[in-house]
Amino acid sequence: MLKLRETGSALSQIDASVKRICGVNEQISPSANQQSIVVEHISRNSLNISQYAKDGAQLASNVAEASNDLEKVAAELDQALRKFKTN
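So, here is what we can say about the structure in this document.

## Some details on the overall build of the protein chain
Then comes step 1: Scanning the protein chain from terminus to terminus reveals 1 helix and 0 strands.
Then comes step 2: Expected size for 87 residues packed as a compact globule is a radius of gyration near 12 Å; at 37 Å, the protein chain overshoots this value by more than 25%.
Then comes step 3: Taking the principal axes of its C-alpha atoms as reference, the protein chain extends roughly 130 × 15 × 15 Å.
Then comes step 4: Expressed as a percentage of its 87 residues, the buried residues of the protein chain come to 0%.
Then comes step 5: When the accessible surface of the protein chain is split by element, carbon and sulfur atoms take 60% of a total near 8,100 Å².
Then comes step 6: Once the 10 positive and 10 negative side-chain charges of the protein chain are each reduced to a mean point, those two points are 7 Å apart.

Spelled out as structure tokens, the structure:
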């Protein structure tokens with residue numbers, strides 16, 4: 001009879017422990033899902049930032065090219081105006 005009570009008590013403790021573990025798992029699961037969502041947002045934002053950096057670099061290159069073109073046009077206009085200058 002003593003062994004039966006000890007076994008019943010042990011099973012009750014195991015049941016209580018399993019219930020506590022299940023409760024902890026229920027708390028962890030939403031947190032893990034939230035972390036997954038945050039990681040997705042960070043990844044997406046990192047890709048956006050990378051693309052913005054590439055776009056910015058391309059725009060800077062375009063501006064530099066346009067600046068060089070304007071410099072050439074200015075030099076050509078300066079040469080043309082020198083032909084019309086009178087002393």
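## So, the pattern of salt bridges
Opposite charge on two side chains permits them to pair, given that their charged atoms come into close proximity.
Then comes step 1: Applying the stated criterion across every chain yields a total of 2 salt bridges.
Then comes step 2: Between Asp15 and Lys19 there is a salt bridge whose closest N-O contact spans 3.2 Å. Linking Asp15 with Lys19, this pair stays in helix H1 (residues 2–84), spanning 4 residues, or about one helical turn.
Then comes step 3: Under the relative-accessibility criterion, Asp15 is labelled partly exposed at 39%.
Then comes step 4: Measuring nitrogen to oxygen at the nearest pair gives 2.8 Å for the salt bridge that ties Asp78 to Arg82. Of the two residues, Asp78 and Arg82 are both situated in helix H1; the distance of 4 residues between them amounts to about one turn of the helix.
Then comes step 5: What makes Arg82 exposed here is its relative accessible area of 51%.

## What about the environment of Gln35?
Then comes step 1: Examined against the element boundaries, Gln35 turns out to sit in helix H1.
Then comes step 2: For the pair Gln35 and Glu76, spaced 41 residues apart in sequence, the C-alpha to C-alpha distance is 61 Å.

## Focus on a nonpolar patch on the surface
Then comes step 1: A surface patch of nonpolar side chains, amounting to about 270 Å² of accessible area, comprises Leu11, Ile14 and Val18.
Then comes step 2: Structurally, Val18 is set in helix H1.

## So, the environment of Asn62
Then comes step 1: When you line up the elements, Asn62 lands in helix H1.
Then comes step 2: Taking the relative accessible area as the measure of exposure, Asn62 reaches 37% and is therefore partly exposed.
Then comes step 3: Along the sequence, Asn62 and Ala75 sit 13 residues apart, while their C-alpha atoms lie 20 Å from each other.

Rules behind the numbers
Counting restarts for each chain, with residues numbered from 1 along the sequence as it is written. For this predicted model, a pLDDT threshold of at least 70 governs which residues receive local features, and a threshold of 80 or more governs which side-chain atom pairs are given and counted, while totals over whole chains, interfaces and linings are taken from all residues. In computing side-chain values, all of the structure's heavy atoms are included and hydrogens and water are not. Numbering of helices and strands starts at the N terminus; helices are DSSP runs of H or I of at least 4 residues and strands are runs of E of at least 2. With C-alpha atoms as the basis for the radius of gyration, the globule rule is written as 2.2 Å multiplied by the number of residues raised to the power 0.38. Throughout this description, buried means an accessible area under 20% of the type-specific maximum (1.4 Å probe, protein chains only), exposed means over 50%, and partly exposed covers the range between. Surface accessibility in these figures is a Shrake-Rupley result with a 1.4 Å probe; residues are shielded only by whichever protein chains are displayed. In summary, the charge assignment counts Lys and Arg as positive and Asp and Glu as negative, without counting His or the chain termini. By convention, charge coordinates are those of NZ in Lys, CZ in Arg, CG in Asp, or CD in Glu. By definition here, a salt bridge exists when the distance from a side-chain nitrogen of Lys or Arg to a carboxyl oxygen of Asp or Glu is within 4 Å. Residues forming no salt bridge and having over 30% relative accessible area are the ones grouped into patches, like charges within 9 Å of each other and nonpolar side chains (Val, Leu, Ile, Met, Phe, Trp, Tyr) within 5 Å.

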